[in-house]
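Reading the structure
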Amino acid sequence: MAIAKVDERSGTNGKPQAEDKPFLPFSAPWFGPEEKAEVLAVLDSDWITTGPRTRQFEKDFAAYIGADEALALNSCTAALQLALASLGIGAGDAVITAPLTFAATANVMFHVGARPVFVDIRPDTCNLDPAAFRDFLTSRCDWNASTGELRLREGGQRVRAVIAVHYGGQPCQMDEIDALARAHGLYVIEDAAHAAGAVYKGRKVGTLGDVACFSFYPTKTMSTGEGGMLAARDPEVLRRARMLSLHGMSRDAWKRFGKDGSWRYDIEDAGLKCNMTDLAAALGLHQLRKLTAFTRRRVEIAARYQRELAGLPLQLPVILPEVETAWHLYAVQVLSSRVTRDDLIESLKERNIGSSVHYLPLHLMFVYRERCGYKPGDFPHTEAVSGRILSLPFFPRMSDTDVTRVITALKEVLG
Ligand SMILES: *Cc1c(COP(=O)(O)O)cnc(C)c1O
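Residues numbered from 1 in each chain as written. Predicted model: local features only at pLDDT ≥ 70, side-chain atom pairs only at ≥ 80, totals over all residues. Heavy atoms only, no water.

All right, on to the sheet that holds strand β13 (residues 323-324) then. Taken together, the three strands give an open sheet; going across it, the order is β9-β8-β13, and neighbouring strands pair in antiparallel fashion. Unpaired on one side and paired on the other, β9 (203-204) and β13 mark the two borders of the sheet. (Pairing = 2+ DSSP bridges. Helix = DSSP H or I, 4+ residues; strand = E, 2+ residues; numbered from the N terminus.)

This is the structure:
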């Protein structure tokens with residue numbers, strides 16, 4: 001599908017710029033006339049919250065990733081929490097993930113009463129390292145084959161799941177992770193917040209684990225303002241997630257104010273309130289139709305960065321041959337002996353160029369040090385990468401001139 005032509009000078013859809021070099025953000029969403037018309041149609045329809053457009057968006061998204069069904073929510077954070085709750089993970093349990101991620105991935109473990117446990121990344125892909133995962137399962141846990149239970153040697157919590165974060169849009173090594181998880185009775189949850197549109201060995205991200213969670217936050221590969229989507233292999237898990245997303249009300253409670261709805265309902269469990277609105281779904285319906293074109297543009301920009309930044313003291317993104325990354329982030333690691341990552345952020349800022357750090361090590365955040373006892377040195381790869389990584393401006397609406405500006409600035413500062 002075609003997307004509107006970008007003004008080559010400003011990259012801001014032709015709006016006049018007061019300055020010669022306007023601020024170039026690290027990311028920006030892109031809505032067109034289709035989204036705007038759909039939102040207005042929702043406002044005129046008298047049904048603004050979860051309703052027909054949310055159902056359509058769920059159907060379209062499920063078809064896109066090759067699933068039977070999907071559940072639209074108000075965030076990926078909610079999807080992650082419902083993933084854990086729907087799989088029956090709670091007090092006395094532990095869940096594994098990598099510490100180079102956004103806080104949401106592990107915060108939700110606290111919310112269901114489970115203990116977050118980290119395993120280090122591969123420093124090239126920034127994804128969970130299958131070798132470190134294997135090592136953790138064998139050296140830090142006890143596997144009881146007769147009960148099928150894996151327990152943390154220190155603490156005794158039962159390890160129930162691994163959340164594989166597809167960093168920057170590149171799928172994790174899911175075959176390796178899945179085999180280890182199966183052998184130890186663990187569920188696999190995909191944190192696909194970065195990865196709508198990514199492919200692993202011919203299969204779309206979202207169907208690779210037991211549950212998958214997507215984000216439609218404004219910086220992600222497609223946006224509904226705020227929003228998320230959950231997909232599950234087992235329809236019963238998806239049914240539970242749907243029930244828990246709307247107070248724990250029994251089936252199709254969202255219809256209760258419509259003609260076909262019943263005013264009677266039961267509360268099956270103490271759920272959350274994290275359903276998607278039709279206003280958000282109106283955006284999602286059209287963003288999804290543009291996702292392939294958005295990704296194509298991301299691939300183009302990434303190819304220029306990969307080609308034209310080669311030779312600078314930067315570790316450029318490493319993409320494994322078996323995947324098609326969604327290219328959510330273009331994150332470089334600064335290897336210069338003269339210029340630190342923090343210096344580079346300042347130098348780019350002086351040139352009116354934005355950037356961002358994904359991520360500070362999660363295990364060193366106050367609550368993880370306090371409640372889990374983590375300390376500096378626990379995850380050397382995450383700490384090293386976190387100290388040198390920088391996400392460059394990277395979004396489909398960027399013009400070729402914008403890309404040149406970033407490349408020129410990097411050559412000036414690092415060359
Ligand atoms: C953005 C993000 C989330 C949370 O997404 P929301 O939709 O903002 O709740 C979770 N995990 C990762 C890795 C993210 O980048």
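A few words now on the packing of aromatic side chains. Tallied over the full model, the rule gives 18 aromatic pairs. Measuring from ring centre to ring centre gives 5.7 Å for W327 and Y330, while their planes differ by 25 degrees; the resulting arrangement is stacked. Take W327 and Y330: they sit in the same class, and that class is buried. With centroids separated by 5.9 Å and ring planes inclined at 65 degrees, the aromatic side chains of Y330 and F394 adopt a geometry described as edge-to-face. One end of the pair, Y330, is in the loop between β13 and β14 (331-334); the other, F394, is in the loop between β15 (389-391) and α12 (400-414), with 64 residues separating them in the sequence. A relative accessible area of 2% places F394 in the buried class. Each residue in the set F57, F61, Y64, F214 and F216 is aromatic and connected to the rest through ring pairs, giving one cluster. (Phe/Tyr/Trp six-rings, centres within 6.5 Å; stacked < 30°, edge-to-face > 60°. Buried < 20%, exposed > 50% of the residue type's maximum accessible area, 1.4 Å probe, protein only.)

Okay, the environment of L364 next. Inspection of the secondary structure assignment puts L364 in the loop between α9 (341-350) and α10 (366-372). Sequence separation between L364 and D378 is 14 residues; the distance between their C-alpha atoms is 9.2 Å. Leaving out residues up to four positions away in the same chain, L364 has contacts with R369, K375, P376 and E383. (Contact = heavy atoms within 4.5 Å.)

Treat this as a map of the structure, not an account of what it does.
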